[in-house]
Amino acid sequence: MSHRDRLKRREELETEILQQRIDMAMALRDWREVTAPIDRGWDRLTQWRTAFVALGGFATIRALRKPRSTGKLMGKLLTGAMLFNRGRVAYRMLRNRRA
């Protein structure tokens, strides 16, 4: 392989690497755009970390002292959360039909 061929090959490789860097930068931007809602949700959760830890401690103490009533309470809370979610979805669907 002559010196001229090596220089040409090097230039081709440098151009290919530059294009790959541009593609990676675009893919990273797209990835950040897509995952932004998840990141915002995680940031919101971490703001309340201390409160969640304290509530978890209280729930554990209650579960150890009164396991049966704690199970019933958790079932009611889960049912309430599911009903709230279904109501919110139904409200959005009705609102979107009117628009």
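Residues numbered from 1 in each chain as written. Predicted model: local features only at pLDDT ≥ 70, side-chain atom pairs only at ≥ 80, totals over all residues. Heavy atoms only, no water.

Enquirer: What is the right way to read the overall build of the chain from this model?
Expert: Each helix and strand counted, the chain has three helices and zero strands in total. Start at the N end of the chain and walk to the C end: the helices and strands fall as α-α-α. The globule rule puts the C-alpha radius of gyration for 99 residues at 13 Å, and the 28 Å found for the chain is more than 25% above it. Reported as C-alpha extents along the three principal axes, the dimensions of the chain are approximately 85 × 45 × 20 Å. Among the 99 residues that make up the chain, the fraction classed as buried is 2%. With the model as given, the accessible surface of the chain reaches about 10000 Å², and the carbon-plus-sulfur share is 62%. Of the side-chain charges in the chain, 23 are positive and 10 negative, and the distance between the mean point of each set is 26 Å. (Helix = DSSP H or I, 4+ residues; strand = E, 2+ residues; numbered from the N terminus. Rg over C-alpha atoms; globule rule 2.2 N^0.38 Å. Buried < 20%, exposed > 50% of the residue type's maximum accessible area, 1.4 Å probe, protein only. Areas by Shrake-Rupley, 256 points an atom, 1.4 Å probe, with all protein chains shown as cover. Lys, Arg positive; Asp, Glu negative; His and termini not counted. Charge placed at Lys NZ, Arg CZ, Asp CG, Glu CD.)

Enquirer: Explain the side chain of threonine 70 here, please?
Expert: By the secondary structure assignment, threonine 70 is in helix H3 (residues 67-98). Of the residues examined, threonine 70 reaches a relative accessible area of 9% and is grouped as buried. Polar contacts involving the side chain of threonine 70 include one to the main-chain carbonyl oxygen of arginine 62, which spans 3.3 Å. If sequence neighbours within four positions are ignored, threonine 70 has contacts with Arg62 and Ala63. (Polar contact = N/O pair within 3.5 Å; in protein donor to acceptor, adjacent residues only side chain to side chain. Contact = heavy atoms within 4.5 Å.)

Enquirer: Honestly, the environment of leucine 28 in this entry has me stumped. Any pointers?
Expert: Among the structural elements, leucine 28 can be located in helix H1 (residues 3-47). Distance in space between the C-alpha atoms of leucine 28 and threonine 60 is 41 Å, their sequence separation being 32 residues.

Enquirer: What's the story with a nonpolar patch on the surface in this structure? I'm lost.
Expert: A grouping of Trp42, Leu45, Trp48, Phe52, Leu55, Phe58 and Ile61 is seen on the molecular surface, where their side chains present a nonpolar patch of about 860 Å² in accessible area. If you list the elements that add at least two residues to the nonpolar patch, you get H1 and helix H2 (49-65). With respect to the helices and strands, isoleucine 61 occurs in helix H2. (Patch = residues over 30% accessible without salt bridge, like charges linked within 9 Å, V, L, I, M, F, W, Y side chains within 5 Å. Salt bridge = Lys/Arg side-chain N within 4 Å of Asp/Glu carboxyl O.)

Enquirer: How should I be thinking about H1 in this particular structure?
Expert: Note: α-helices contain 3.6 residues per turn, so residues at a spacing of three or four share the same orientation. With 45 residues, H1 extends 61 Å between its outermost C-alpha atoms, agreeing within 8% with the 66 Å of an ideal straight helix rising 1.5 Å per residue. Residue threonine 35 marks the point of greatest curvature in H1, where the axis turns by about 50°; the proline proline 37 follows within four residues. (Expected span 1.5 Å × (residues − 1). Bend = angle between axes of the 7 residues up to and from the residue.)

Enquirer: Explanation requested: the pattern of salt bridges in the structure shown.
Expert: Pairing between side chains of opposite charge can happen when the charged atoms of each approach one another. One pass over the structure, following the stated rule, counts three salt bridges. We note a salt bridge from arginine 9 to glutamate 12, for which the minimum N-O separation is 3.8 Å. With arginine 9 and glutamate 12 both in helix H1 and three residues apart, the pair spans about one turn of that helix. For arginine 9, a relative accessible area of 43% puts it in the partly exposed group. The partly exposed category is assigned to glutamate 12, whose relative accessible area is 40%.

Enquirer: Looking at this structure, how should I read the side chain of threonine 35?
Expert: Tracing the backbone shows threonine 35 in helix H1. One polar contact links the side chain of threonine 35 to the main-chain carbonyl oxygen of tryptophan 31, over a distance of 2.9 Å.

Enquirer: Help me understand the packing of H2 against H3, please; the structure alone is not making it clear to me.
Expert: Packed helices, taken two at a time, are described by their axes: the angle between them and the distance between them. The interhelical angle for the contact between H2 and H3, taken along N-to-C directions, is 130°, at an axis separation of 5 Å. Our classification of the angle between H2 and H3 gives oblique. Contacts between H2 and H3 involve Arg62, Ala63, Leu64 and Arg65 from the former and Pro67, Ser69, Thr70 and Leu73 from the latter. Tallied by class, residues from the contact of H2 with H3 come to four nonpolar, two polar and two charged. (Axes fitted to C-alpha atoms, helices over the stretch in contact; angles between N-to-C directions. Parallel < 35°, antiparallel > 145°, perpendicular 65-115°, else oblique. Nonpolar A, V, L, I, M, F, W, Y, C, P; charged D, E, K, R; others polar.)

Read these as layout, nothing more, since geometry by itself doesn't imply function.
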